[in-house]
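Remarks on the overall topology
Here is what each chain is made of, one letter per residue.
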Amino acid sequence: MILVLRALGVGDLVTAVPALRALRAAYPARELALAAPAWLAPLVDLVGGVDRLVDTTGLDRPLRIGSAPRVAVNLHGRGPQSHRLLTATRPARLLAFANLDAGWADGPAWDVDEHEVDRWCRLLSWYDIPADRADLSLRRPGSAGLPSGVTLLHPGSKIPAKRWPAERFAALARALTDQGHRVLLTGSADERALAARVADAAGLTSDAVLAGRTDLGALAALVADARLVVSGDTGVAHLATGYGTPSVVLFGPVPPAHWGPPPDRPRHRVLWAGEADWPSWDGVGSHPTMAALRLDEVLAAVAEVLRVVRVSGAVAA
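Residues numbered from 1 in each chain as written. Predicted model: local features only at pLDDT ≥ 70, side-chain atom pairs only at ≥ 80, totals over all residues. Heavy atoms only, no water.

Most of helix 9 (residues 235–243) sits out of view: nine of its nine residues are buried. Of all the residues in helix 9, the buried ones are Gly235, Val236, Ala237, His238, Leu239, Ala240, Thr241, Gly242 and Tyr243. Gly244 occupies a position one or two residues after helix 9 and carries a positive phi of about 65 degrees. (Buried < 20%, exposed > 50% of the residue type's maximum accessible area, 1.4 Å probe, protein only. Helix = DSSP H or I, 4+ residues; strand = E, 2+ residues; numbered from the N terminus.)

Listed below in structure tokens is the structure:
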């Protein structure tokens, strides 16, 4: 068995796709088990190549996998906790970043200033396992009964600092509706109230609020068949990259160089206010880097990605 640890969220899983596929290619005859939260199962199926999902949330409980793995791979973090969790399974071999606190001197050094996709490709390359950082595409899910050709706005984020102000999402929804877009609002159950507030301010009906009403598989299907996605730096943006769906991603305070879509794909546009001397922040609401992004900038970015799609006529980016 090849055991891979990635017990995180949607964006974390999608950015690990090239590494997961590289491991599948390197060990074609071995069972590939992914230790990740069970709720990610619909998305794991769309990645392909994973034989078993081991329900794992956090790093505080032993991994229940049965026999010891042939190889354990730490795609979770720099350690030491993630290293120790994997070594407790007694693998014949561990692939991980060097971490002396975990008693692990093998592997490359951790680089804090590195794109998340490149980080895991570099780790595998150290162990002579080639990975293609451009291999980000996801399988298309079934979409029976779900709307297609819609514009999805995703105003939420697990980290409130990474949210663009709700009133600007509402203004964006109004402007895009006036331009002929069918706007729907996505999000988790915890973000339903936020999405409803945006819809109300934008003059949209309650039917436009899908937050809390779709599981992960349905969300993936919506993104795969959408006309456009506008979101912050969160999981739905990575789904848009995986499906080549035109997107505008609003970044802050984390720079897009760490988590953004590939810069050579013009149908994915990133907006970021950059590193500057921002005014002091009280820790409440949107970070100043998000508040600095203007509505006209977002509308211009939307127009640009849709122009690229029209001109190129491409099916995928």
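Moving on: the pattern of salt bridges. Side chains that differ in charge, positive against negative, can pair when their charged atoms come close. Scanning all chains against the criterion turns up 13 salt bridges. For the salt bridge of Asp135 with Arg21, the shortest nitrogen-to-oxygen distance reads 2.9 Å. Residue Asp135 is located in the loop between helix 5 (116–126) and strand 6 (151–154), and its partner Arg21 is located in helix 2 (residues 17–26); the two are separated by 114 residues in the primary sequence. With a relative accessible area of 26%, Asp135 lands in the partly exposed category. For Arg21, a relative accessible area of 19% puts it in the buried group. The salt bridge involving Arg119 is made with Glu114; its shortest N-O contact spans 3.9 Å. Residue Arg119 shares its accessibility class with Glu114, and that shared class is buried. Three or more residues joined by partner-sharing salt bridges are found here, namely Arg6, Glu114, Glu116, Arg119 and Arg122. (Salt bridge = Lys/Arg side-chain N within 4 Å of Asp/Glu carboxyl O.)

Burial along strand 4 (residues 71–74) is two-sided: the face carrying Val71 and Val73 and the face carrying Ala72 and Asn74 are both buried. In this structure, strand 1 (residues 2–5) lies alongside strand 4, joined through four bridges in parallel fashion. Looking at strand 4, one finds that Ile2 is bridged to Val71. Two strands pair when backbone bridges link them, and strand 4 and strand 5 (residues 93–95) are joined in this way by three bridges, in the parallel orientation. (Pairing = 2+ DSSP bridges.)

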